[in-house]
Amino acid sequence: MSSNVESVQLNEEANDMVDLVELSDEDNVQINEEANDMADEILDNEGDGSKRKSSSGAWSHFTTVEVQENGKMVKKHECMHCKKKYAPQSSRTTTHLLRHLKKCVFVKRLKGTKGFINFQPSDNENASEFNAMGGYDQMKCRELIAKLIIAHELPFSFVEYHWFNILMKYNNPLYQKVSMATIRKDCIKVVELEREKLKKVLKKVDMISLTSDCWTSNQTIGYMCLTAHYIDSNWKMQKRIIGFNELAPPHSGEVISDAILECLIKWGIQDKIGTITLDNASSNDRAASILKNTFQGKGKLHFEGMFFHVRCCAHILNLVVQDGLGTIDCCLVKIREGVKYVRKSPGRLLKFGEIAITLGIPTRRSLCIDVKTRWNSTHRMLESAMHYKLAYQGYALRDSNFEWSLTDDEWNRAQKVCKVLEVFLDATNLFSGTSYPTTNLFLVEIFKVKKEISSCYISNDGFLKKMSEPMFEKFEKYWGEIGVLMAIASILDPRFKKVSISWTFGKLYPSNEVDDRVEDVINRLQSLYVKYSTAFHMARASKNNMMSTSSGATDVRDRIEDDFYAFLKSRPVENTQKSEVEVYLDEPNYIVLENKEFDVLSWWSQNSSKFPVLSKMARNIFSIPITTVASESAFSAGGRILDDYRSSLTKDMVELLVCGGDWIKATSKTTIQTLQHVSVSDFFKFFSSNKTIVQRHLYMVKID
């Protein structure tokens with residue numbers, strides 16, 4: 001009798017489960033096959049008198065709690081989603097619990113009636129950031145909110161915003177409001193965890209390049225940003241801010257070098273530094289010299305110090321352009337003041353727009369005002385002014401107070417300068433990249449800049465000639481001698497190889513010097529390769545010795561073979577094998593199809609087994625940045641964090657937020673997908689983590 005009752009209950013439970021899952025015919029076939037084995041196994045166990053476990057699917061959504069009723073403590077089954085409680089059945093069935101799951105609003109949301117956000121696991125994590133089918137986790141929610149605040153530079157009081165809490169409560173009534181003090185502690189914990197992850201990554205990197213720059217906040221406090229650049233194990237360019245520290249005055253070379261060295265020691269990477277990229281301030285030159293001498297004394301100087309101090313190319317381009325712009329100061333002042341005058345009054349701006357529309361000039365482009373120290377903003381201002389040239393002339397005729405009209409000659413000068421600056425703008429944008437190598441691109445782009453300056457220098461146009469003279473002098477001061485680093489990096493680009501330096505040097509230097517200069521670069525490349533090759537083979541020999549030592553004593557036969565091989569090694573053998581550099585240079589240049597992007601790091605990754613030593617050298621050289629843009633961009637984040645409403649943040653908290661935001665943005669590769677429904681396969685993926693539950697469901701369907 002009891003077995004019949006149990007069978008009826010199992011059938012009811014199975015019907016509920018089938019309605020909940022809505023299996024397809026194909027799923028039923030697979031289920032029936034698996035259920036046959038499960039049914040036999042369960043019946044055998046019951047025949048042996050073993051106690052049946054509570055393996056219903058309801059237990060993935062319910063938990064047992066004790067509550068007080070009529071002065072007594074009784075057990076109840078509580079829904080993990082809506083917290084509704086049910087009394088346990090004397091027959092121990094879960095039909096009423098499964099029936100509740102079909103009606104529960106929160107389960108319906110998870111099933112897709114309102115859609116849910118699914119965070120896919122990132123490459124460097126084994127578990128997903130958020131498992132929508134696993135129930136609500138308040139601690140995980142707090143962690144995600146902390147990452148949100150850090151990554152998007154929000155104030156800690158964000159968690160106390162009224163409508164934010166309404167939104168969170170609507171998404172899940174189980175959400176508990178978090179205080180500003182609590183989320184502050186959570187942010188510290190999140191950043192410290194990211195710091196430990198980054199330390200483990202940097203520990204595995206062979207060489208790290210640095211960029212650094214200084215900045216003064218609205219608190220009138222000096223900060224120094226230090227950024228680490230490296231190529232990871234997947235041959236991808238990476239950058240991480242490892243220091244955003246207060247810099248005590250005066251900002252001398254000694255103070256800067258001490259601050260950098262202290263940061264490197266804190267991270268444990270003081271023996272991995274290959275280069276440091278700085279702007280052209282004299283204090284930075286002094287700091288680089290001190291650091292180079294320190295690393296050289298320890299015998300930890302990569303490339304023998306040839307490339308240790310790299311001057312910021314964007315800063316040099318800025319100096320060159322500023323010298324040229326000095327020749328049209330009068331023209332720039334008129335344009336700048338004219339834009340300010342028009343934009344100062346809404347009525348003037350409206351009148352200016354009406355004139356532009358009347359003349360048929362598109363008005364989608366705004367009137368730009370430049371920042372005097374940023375020549376690229378001056379270029380945008382000139383472009384905007386040239387676009388509205390006729391509108392300016394028309395407005396000057398209608399407003400007697402407009403005093404900044406340009407003559408035709410001044411407009412022509414502005415147009416010529418704007419055209420010349422386009423080459424500098426393209427080079428600056430290319431050099432400022434942080435997600436791809438830039439050293440290999442320098443040689444070709446700097447030739448374009450030199451060509452543009454030389455064309456102006458030999459021009460019959462008196463204005464262009466006068467403008468180019470100070471630019472030419474500044475260019476020759478810094479780039480009259482092309483650095484060996486840039487030349488070697490260009491050779492290591494399989495598209496360019498030796499042809500790049502032969503052709504470029506032929507354009508930049510006298511013809512009688514080209515061959516000697518090319519030969520000098522090749523010799524330096526060979527010398528550098530020999531040092532890398534020696535270190536590579538020494539490391540491999542050391543590894544082999546360790547393996548042979550750990551293998552224990554050898555027998556007599558092994559010793560005889562060792563003696564024989566030692567004899568072979570002692571014989572003089574003529575080495576006719578080509579080095580990796582020679583093989584690489586002898587191969588034809590890599591041809592890239594037109595309009596197709598080329599990833600130089602991907603090429604070296606694919607050919608690393610063919611060129612094990614040369615690829616290691618290429619990895620280190622390509623990781624060197626030629627601008628300090630990565631560090632300068634951190635000051636934008638620092639300015640947003642240290643706004644007028646949060647200027648009382650401590651220096652440690654500022655560093656934590658700036659560095660933490662950079663780390664979270666860089667490492668988070670989570671893809672957010674909004675799904676319209678949960679498929680049957682997704683539903684069973686959830687239960688795959690608990691095989692017993694799945695098997696129990698299969699057994700019930702089979703009995704039915």
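Please read all numbers here as calculations on a predicted model, not as lab measurements.

Procedures and definitions
- Residues numbered from 1 in each chain as written.
- Predicted model: local features only at pLDDT ≥ 70, side-chain atom pairs only at ≥ 80, totals over all residues.
- Heavy atoms only, no water.
- Axes fitted to C-alpha atoms, helices over the stretch in contact; angles between N-to-C directions.
- Helix = DSSP H or I, 4+ residues; strand = E, 2+ residues; numbered from the N terminus.
- Parallel < 35°, antiparallel > 145°, perpendicular 65-115°, else oblique.
- Left-handed = near helix turned anticlockwise from the far one by under 90°.
- Contact = heavy atoms within 4.5 Å.
- Disulfide = S-S within 2.5 Å.
- Patch = residues over 30% accessible without salt bridge, like charges linked within 9 Å, V, L, I, M, F, W, Y side chains within 5 Å.
- Areas by Shrake-Rupley, 256 points an atom, 1.4 Å probe, with all protein chains shown as cover.
- Salt bridge = Lys/Arg side-chain N within 4 Å of Asp/Glu carboxyl O.
- Lys, Arg positive; Asp, Glu negative; His and termini not counted.
- Charge placed at Lys NZ, Arg CZ, Asp CG, Glu CD.
- Buried < 20%, exposed > 50% of the residue type's maximum accessible area, 1.4 Å probe, protein only.
- Nonpolar A, V, L, I, M, F, W, Y, C, P; charged D, E, K, R; others polar.
- Core = buried A, V, L, I, M, F, W, Y, C linked by side-chain atoms within 4.5 Å.

Novice: Break down the packing of helix α8 (residues 253–267) against helix α9 (residues 282–298) for me, with residues and values.
Specialist: For the pair α8 and α9, the least separation of the axes is 7 Å and the interaxial angle reads 45°. Between α8 and α9, the angle falls in the class oblique. Every pair of crossing elements has a handedness; the one defined by α8 and α9 is right-handed. Residues Gly253, Glu254, Ile256, Ser257, Ile260, Leu261 and Leu264 of α8 form the contact with α9, whose participating residues are Ser283, Asn284, Arg286, Ala287, Ile290, Leu291, Thr294 and Phe295.

Novice: Tell me what's going on with the state of the cysteines, and back it up with residues and numbers.
Specialist: With the rule as written, the count across this model stands at 0 disulfides. The structure places no disulfide on Cys263, whose sulfur is separated from the nearest cysteine sulfur, that of Cys659, by 7.7 Å.

Novice: Requested: an account of a positive patch on the surface, with residues and values cited.
Specialist: Judged by side-chain charge, Lys84, Arg99, Lys102 and Lys103 come together as a positively charged surface patch. By the secondary structure assignment, Lys84 is in the loop between β2 (72–79) and β3 (85–86). On the accessibility criterion, Lys84 (45% relative accessible area) is partly exposed.

Novice: Residues and numbers for the packing of helix α7 (residues 180–203) against helix α26 (residues 651–667), please.
Specialist: The interhelical angle for the contact between α7 and α26, taken along N-to-C directions, is 60°, at an axis separation of 9 Å. By the angle class used here, α7 and α26 are oblique. Between α7 and α26 lies a crossing whose hand is left-handed. Together, Arg184, Cys187, Ile188, Val190, Val191, Glu194, Arg195 and Leu198 of α7 and Met653, Leu656, Gly660, Trp663, Ile664 and Thr667 of α26 make up the contact between the two elements. In terms of residue class, the contact of α7 with α26 is made up of 9 nonpolar, 2 polar and 3 charged.

Novice: Give me the nonpolar core: which residues, what numbers.
Specialist: Within the largest apolar cluster, 93 residues are counted, with the highest numbers of intra-cluster contacts made by Phe424 and Trp604. The contacts of Trp604, once residues within four sequence positions are left out, are Trp235, Leu492, Pro494, Tyr584, Phe611, Leu614, Ser615, Ala618 and Phe622.

These results come straight from atomic positions and should not be treated as a statement about function.
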